[in-house]
Amino acid sequence: MSEGVLYVTDSRTSLEYKIPIHRNTVKAVDFQSIKGPVTNSDLADQIRNGLRLFDPGFKNTAVSESKITFIDGAQGIVQYRGQNIANFWQTAEFEDLLHLLVWGRWPSAAEKEALRNELIKAAKEVPGSVKTVICGFPKTAAPMQMIIAGLAAYLGEDPKSIPAYSGRNLYQGNLPLVDKAIIRTLAAFQVCTGLAASHRNGTPFTSVDAEGSFLSNLLTMMGKVAKDTGKPDLNAIRAVQRIWALGADLGHTNSTSAFLLGASTLSDPLSCLISALSSGYGILHFGAAEASFKSLAAIGSKKMVPHLINKVKRKEAKLYGYGHRMFNTIDPRIIFGAQILNDLGSKHPLVEVAMEIDRIAREDEYFTSRSLQANADLFIGIIYTALDFDPSFVPVMIALMRSGGMMAHWREAMAQPKTNIWRPQQFYTGVVGSTPASKTAKAAEDATDTQTSVLENIIHVPASDPASGAEKPEIKLSNIAETDEVKALQRALSINLATTTTVAEVTVSEVSSDTESSLSSRFVSQAPSDTESIPSSPLPTCKTFETEIRAVTSEAREA
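Calculation rules
Residues numbered from 1 in each chain as written. Predicted model: local features only at pLDDT ≥ 70, side-chain atom pairs only at ≥ 80, totals over all residues. Heavy atoms only, no water. Helix = DSSP H or I, 4+ residues; strand = E, 2+ residues; numbered from the N terminus. Buried < 20%, exposed > 50% of the residue type's maximum accessible area, 1.4 Å probe, protein only. Areas by Shrake-Rupley, 256 points an atom, 1.4 Å probe, with all protein chains shown as cover. Pairing = 2+ DSSP bridges. Salt bridge = Lys/Arg side-chain N within 4 Å of Asp/Glu carboxyl O. pLDDT = per-residue confidence, 0-100. Contact = heavy atoms within 4.5 Å. Phe/Tyr/Trp six-rings, centres within 6.5 Å; stacked < 30°, edge-to-face > 60°. Arc of directions from axis to C-beta. Expected span 1.5 Å × (residues − 1). Axes fitted to C-alpha atoms, helices over the stretch in contact; angles between N-to-C directions. Parallel < 35°, antiparallel > 145°, perpendicular 65-115°, else oblique. Left-handed = near helix turned anticlockwise from the far one by under 90°. Nonpolar A, V, L, I, M, F, W, Y, C, P; charged D, E, K, R; others polar. Patch = residues over 30% accessible without salt bridge, like charges linked within 9 Å, V, L, I, M, F, W, Y side chains within 5 Å. Polar contact = N/O pair within 3.5 Å; in protein donor to acceptor, adjacent residues only side chain to side chain. Lys, Arg positive; Asp, Glu negative; His and termini not counted.

A. Region of interest: the overall build of the protein chain. A tally of regular secondary structure across the protein chain gives 20 helices and 8 strands. Burial statistics for the protein chain: of 559 residues in total, 43% are counted as buried. Working note: accessible area of the protein chain is about 29900 Å², and carbon and sulfur atoms make up 52% of it.

Below is the structure:
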């Protein structure tokens, strides 16, 4: 059952709340209605704003709805648009996967050819500044940084594609422009990767082949070609193609989320891709494959693997490529990855090391009790190693593998009629110092005391009137310092201190205990003849008078 109601009883107030459950999901904003007592609470806890949900690392938080990729980590299921990867991972090319992820269905032969031609056309349009920027890096620089800089140069050549520069929304709701931007972004990523590889290798850059696929052209530009033919090895193309089919999208991964974080501001896709690559290069994401390769190289040989495993158990070393947040069973892609490795028949020494690590970890209680299985990153890194890729390019290749999925999520976001900028809250645990609210409260208290003092000086109650026996309040205005409070009070009561020198008489009508009667006043000026007398002005009712005093206090404080 996916629908229902969550009943919440707040022990702080004994109040009960009903939170709707839709498709086994509750809305976080619904919990804002749950508010505890503010009295004696820590200001940092923000009780007035309602109950907050604390989820470090977004382990159980969904931020958007999507129709692209379904993952069931408990059963090891991965589907793109409802299609199981087991059904197509051996045959689907990049253009097939891109069309499926972005436009929701497998392309016809004509659609696939049109898409391939559009990608080739966009890849031929390489601004000169892009090559200049990438070649300006030292050849030993990390290729990811070269590529990020190259993408920024692409963007700099076309500032009108940047919404902020254009001063308007360009992409949201404009799917034809979104589709063109997707093609341009993928081509730019492809070209920048080729330029970075050729620069690091010290070889001339080879442009795209009009007859080649996206992947074959990528390998050509990177210089991954046979010396005799000048074309990529078909076995290498097939191996990379199958790897990419296994990892084209995994939903809101860290890098895809970074992409969508930028997209939530309605930024352009190149800027969003730069954000994704910067985030993904960490050693807990794309960078894990490069880190895994270097840790394998540090081990050196198969006989040293038990020593590494013992260090991992003592928490003296980290084993990259093991464990995955999405899968608490074996990563389904591992089975296919092992088959790719077997087909390659590689004799690379590090492949032997990696396979020995996997063998021991699958049998060791330390790993099995924690459900730590090898994930696809380990095998992907090994496969690229077997294909003789420089380890620094493995994170780049993983990002390219995910690029179609990123574009699909961006298009899905731009198709929404409205967007909410992604802005997570924080759980503040530091000290709360003096705040404007506390200062205001103190100032109000001080002002009230001052106002009371002023009124006590102004209103003097003498002995009972001999004629009636009733007390007759008097307002004394002599010898009163013209403070801000007094000036504000005189404005409120229409009293002019400059022209009043003696006593103004106020007659107060009788006020019963159960009714709110009006106070009437009669100001009788005894000012000198050359001075205007104070005009008559009725005093407000008791309640209004109290309000006036508060307003005066506030006005004086603001002054």
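B. Structural detail: the pairing of strand β1 (residues 4–10). Bridge count for β1 against strand β2 (residues 15–21) is 7 bridges, and the pairing is antiparallel. Its bridge partner being in β2, Val5 is matched across the sheet by Pro20. Between β1 and β2, which pair antiparallel in sequence order, lie 4 residues; one of them, Ser14, sits at a positive phi of approximately 65 degrees.

C. Region of the structure containing the sheet that holds strand β4 (residues 77–80). Strand order across the open sheet formed by 3 strands is β3-β4-β5, with antiparallel pairing between neighbours. At either margin of the open sheet sits one strand with a lone partner, and together these are β3 (69–72) and β5 (83–84). Two strands pair when backbone bridges link them, and β4 and β5 are joined in this way by 2 bridges, in the antiparallel orientation. Bridge pairing links Gln79 to Asn84 in β5.

D. Structural view of the pattern of salt bridges. Summed over all chains, the structure comprises 15 salt bridges. For Glu316, the salt bridge is made with Arg314, and the minimal N-O distance between the two is 3.1 Å. One connected set of salt bridges, linked through shared partners, spans Glu93, Asp96 and Lys112.

E. How the structure looks around unusual backbone geometry. Of note, Asn40 is a non-glycine position whose phi angle comes to about 65 degrees, a positive value. One can find Asn40 in the loop between β2 and β3.

F. Layout of the confidence of the model for the protein chain. Summary statistics for the protein chain give a mean pLDDT of 80 and a share of 75% for residues scoring 70 or more. The low-confidence segment residues 458–466 (pLDDT under 50) makes 20 contacts with residues lying over four places distant or belonging to another chain. pLDDT under 50 marks residues 495–559. Its contacts with residues more than four places away, or in other chains, come to 95 contacts.

G. Local environment of the packing of aromatic side chains. Overall, the coordinates contain 9 aromatic pairs when judged by the stated rule. Ring centres 5.2 Å apart and planes at 75 degrees place the aromatic pair Phe54 and Phe427 in the edge-to-face group. Of this pair, Phe54 sits in the loop between β2 and β3 while Phe427 sits in the loop between α17 (394–414) and α18 (436–458), and the two are 373 residues apart along the sequence. What makes Phe54 exposed here is its relative accessible area of 60%. Accessibility expressed as a relative area gives 41% for Phe427, which makes it partly exposed. On the numbers, 4.2 Å between centres and 15 degrees between planes, the contact of Phe94 with Phe214 is stacked.

H. Region of the structure containing helix α12 (residues 305–313). Looking at α12, one finds that the buried residues are Val305, Leu308, Ile309 and Val312. One face of α12 carries all of its buried residues, which in axial projection span an arc of 100 degrees. In this fold, the buried residues of α12 make contact with α11 (287–299), α14 (349–363) and α15 (365–368). Positive phi appears at Lys315, one or two residues downstream of α12, with a value of about 60 degrees.

I. Geometry of helix α6 (residues 175–201). Look at α6: 39 Å from first C-alpha to last across 27 residues, which is about the 39 Å you get at 1.5 Å a residue. Most of α6 sits inside the fold, with 21 of its 27 residues counted as buried. Just beyond α6, the residue with positive phi is Gly202, at close to 70 degrees.

J. Broad picture of the packing of helix α2 (residues 109–124) against α6. Orientation of α2 relative to α6, taken along the N-to-C sense of each, is 60 degrees, at an axis distance of 8 Å. Taken together, the axis directions place α2 and α6 in an arrangement best described as oblique. For the pair α2 and α6, the crossing hand works out as right-handed. Every residue of α6 that contacts α2 at Leu115, Glu118, Leu119, Ala122 and Ala123 is listed here: Ile183, Arg184, Leu186, Ala187, Gln190 and Val191. For the contact of α2 with α6, the per-class residue count stands at 8 nonpolar, 1 polar and 2 charged.

K. Highlighting the environment of Gly150. Relative to the helices and strands, Gly150 is located in helix α4 (residues 143–157). In this structure the C-alpha to C-alpha distance between Gly150 and Pro127, which are 23 residues apart in sequence, comes to 9.9 Å. Non-local contacts of Gly150, meaning those with residues more than four positions away in its chain, are made with Val130, Val133, Ile134 and Cys192.

L. Structural detail: a nonpolar patch on the surface. There is a patch of nonpolar side chains on the surface, built from Leu43, Tyr428, Val431 and Val432 and spanning about 380 Å² of accessible area. Relative to the elements of secondary structure, Tyr428 occurs in the loop between α17 and α18.

M. Structural detail: the side chain of Thr69. Its location among the elements puts Thr69 in strand β3. Here Asp249 takes part through its side chain, which lies 2.4 Å from a polar atom of the side chain of Thr69. With near-sequence residues (within four places) excluded, Thr69 lies in contact with Gln79, Tyr80, Leu101, Asp249, Leu250 and Gly251.

N. Just the packing of helix α9 (residues 254–263) against α17, in detail. At a closest axis distance of 10 Å, the pairing of α9 and α17 adopts a crossing angle of 30 degrees. By the criterion of interaxial angle, the relationship of α9 to α17 is roughly parallel. The two elements α9 and α17 meet at a crossing, and its hand is right-handed. Judged by residue contacts, Ser255, Thr256, Phe259, Leu260 and Ala263 of α9 engage Met406, Met407, His409, Trp410, Ala413 and Met414 from α17. When its residues are assigned to classes, the contact of α9 with α17 shows 8 nonpolar, 3 polar and no charged.

O. View of the environment of Ser207. Along the polypeptide, Ser207 turns up in the loop between α6 and α7 (214–221). For Ser207, a relative accessible area of 37% translates into the label partly exposed. Residues Ser207 and Gly194 lie 13 residues apart in sequence; the distance between their C-alpha atoms is 8.7 Å.

P. Representation of the side chain of Glu412. Structurally, Glu412 can be placed in helix α17. One buried charged residue, Glu412, remains without a salt bridge, the closest side chain of opposite sign being Arg81 at 4.9 Å. Excluding residues that lie within four positions of it along the chain, Glu412 makes contacts with Glu65, Ser66, Lys67 and Ile68.

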